[in-house]
Amino acid sequence: MNGIFGQISEFFSYSFALRAMAVGGAVALCAALLGVSLVLKKYSMIGDGLSHVGFAILALSSALGAADVNLVITIPVVIVCAVVLLRITENSSIGGDAAIAVLSTLSLAIGYIAMYKAGTNVDVGSYMFGNMFTIKEGEAYFSLAVAAVVVALFVLFYHKIFAVTFDENFAGAAGVPVGGYNIMIASLTAVTIVLGMRMMGTLLISALIIFPSLTSMRLFKSFRAVVISSSIVSLSCFFVGVVASHIISIPPGSAVVVTNGIVFAVFSLIGFLKEGMVKSNHKKGI
């Protein structure tokens, strides 16, 4: 036990680890908050599509020698793509899943072509699966500031987001600008995806959006309870996953996803047992 505690203490003594934990915790919180609405609106895979757009932009900027301004370039472009994707799914015969699939594969292909033709020595694995321990101090401060804005907007417009999530028609009839709030949700999701790509990579970032919400829905039914539970689950899984990755020497992004998977299985089992007890008591007339 002393060995494990010693490893944990050593881990938190590194500045790069503290930056990763701070930025990762902030992004995990943002992803959990937005994920509840996205999952309920059956739009959870938007994270996958936007992460591939982010990959294409990062690859293009690196190939053009503009790697130092990756975040500044990528965030607005991915926001525009999120809004366009939203408009396509709302105003055309193309379904949301099909539009996301088209965007994902096309962006992934463009990004890889850019890296291949430029002959850059970029580690493709770090783009695909992330490398949170390479976050620089300036990037950390920028990411934390942007994440704070995302959380603040979610809290400020919580009731409107709730209304738009559950019944757009009723919300519109009540005077809520549904289109505007959908754009806001898509834009905040785009920002969160870009911030999280450095940590989780293109292929894993959508897990931060999907897992905590689905996990919480195994036990809770109200929107507020699911939001609170998702936030706790997301932060807990992130911190446990990263620390565990250091102790057993595995990639941190993958460790976070596996931790989320384990917690999802535990919550599902508890929910199943709870549902069985309720049905049993109902049959007995209790």
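Since this is a predicted model, take the numbers as computed values, not measurements.

What follows concerns the pattern of salt bridges. Counting across every chain of the model gives one salt bridge. Among the salt bridges present, the one from lysine 41 reaches glutamate 168, with a minimum N-O distance of 2.7 Å. In this pair, lysine 41 sits in the loop between helix H2 (15-40) and helix H3 (46-63) while glutamate 168 sits in helix H9 (residues 168-173), placing the two residues 127 residues apart along the sequence. Given a relative accessible area of 25%, lysine 41 falls into the partly exposed group.

A few words now on a nonpolar patch on the surface. Among the surface-exposed residues, Val258, Ile262, Val266 and Ile270 lie close enough to one another that they form a single nonpolar patch of about 340 Å² accessible area. By relative accessible area, which is 39% here, isoleucine 270 ends up partly exposed.

Trans is the prevailing form of peptide bonds, just as negative phi is the prevailing case for residues other than glycine. One non-glycine residue with positive phi stands out, namely serine 249, at about 60 degrees. Within the element layout of this structure, serine 249 appears in the loop between helix H12 (223-248) and helix H13 (252-284). Residue class for serine 249 comes out exposed when judged on its relative accessible area of 64%.

Residue position: valine 27 is located in helix H2. The exposure class of valine 27 is buried, given its relative accessible area of 1%. Put simply, valine 27 and phenylalanine 238 are 211 residues apart on the chain and 9.8 Å apart in space, counted from C-alpha to C-alpha.

Moving on, we get to the environment of phenylalanine 11. Tracing the chain through its elements places phenylalanine 11 in helix H1 (residues 2-11). A C-alpha to C-alpha distance of 7.4 Å links phenylalanine 11 and histidine 246, two positions 235 residues apart in sequence. With sequence-adjacent residues up to four places away left out, phenylalanine 11 is seen in contact with Ala17, Met21, Phe133, Val242, Val243 and His246.

Moving on, we come to the packing of aromatic side chains. Two aromatic rings, taken as a pair, are described by how far apart their centres are and by the angle between their planes. In total, this model carries 12 aromatic pairs according to the counting rule given. With centroids separated by 6.2 Å and ring planes inclined at 70 degrees, the aromatic side chains of phenylalanine 154 and tyrosine 158 adopt a geometry described as edge-to-face. Assessed through its relative accessible area of 4%, phenylalanine 154 is described here as buried. Between phenylalanine 238 and phenylalanine 239, the ring centres sit 5.8 Å apart and the planes meet at 70 degrees, which makes this aromatic pair edge-to-face. By relative accessible area, which is 0% here, phenylalanine 238 ends up buried.

Conventions used here
- Residues numbered from 1 in each chain as written.
- Predicted model: local features only at pLDDT ≥ 70, side-chain atom pairs only at ≥ 80, totals over all residues.
- Heavy atoms only, no water.
- Salt bridge = Lys/Arg side-chain N within 4 Å of Asp/Glu carboxyl O.
- Helix = DSSP H or I, 4+ residues; strand = E, 2+ residues; numbered from the N terminus.
- Buried < 20%, exposed > 50% of the residue type's maximum accessible area, 1.4 Å probe, protein only.
- Patch = residues over 30% accessible without salt bridge, like charges linked within 9 Å, V, L, I, M, F, W, Y side chains within 5 Å.
- Areas by Shrake-Rupley, 256 points an atom, 1.4 Å probe, with all protein chains shown as cover.
- Contact = heavy atoms within 4.5 Å.
- Phe/Tyr/Trp six-rings, centres within 6.5 Å; stacked < 30°, edge-to-face > 60°.

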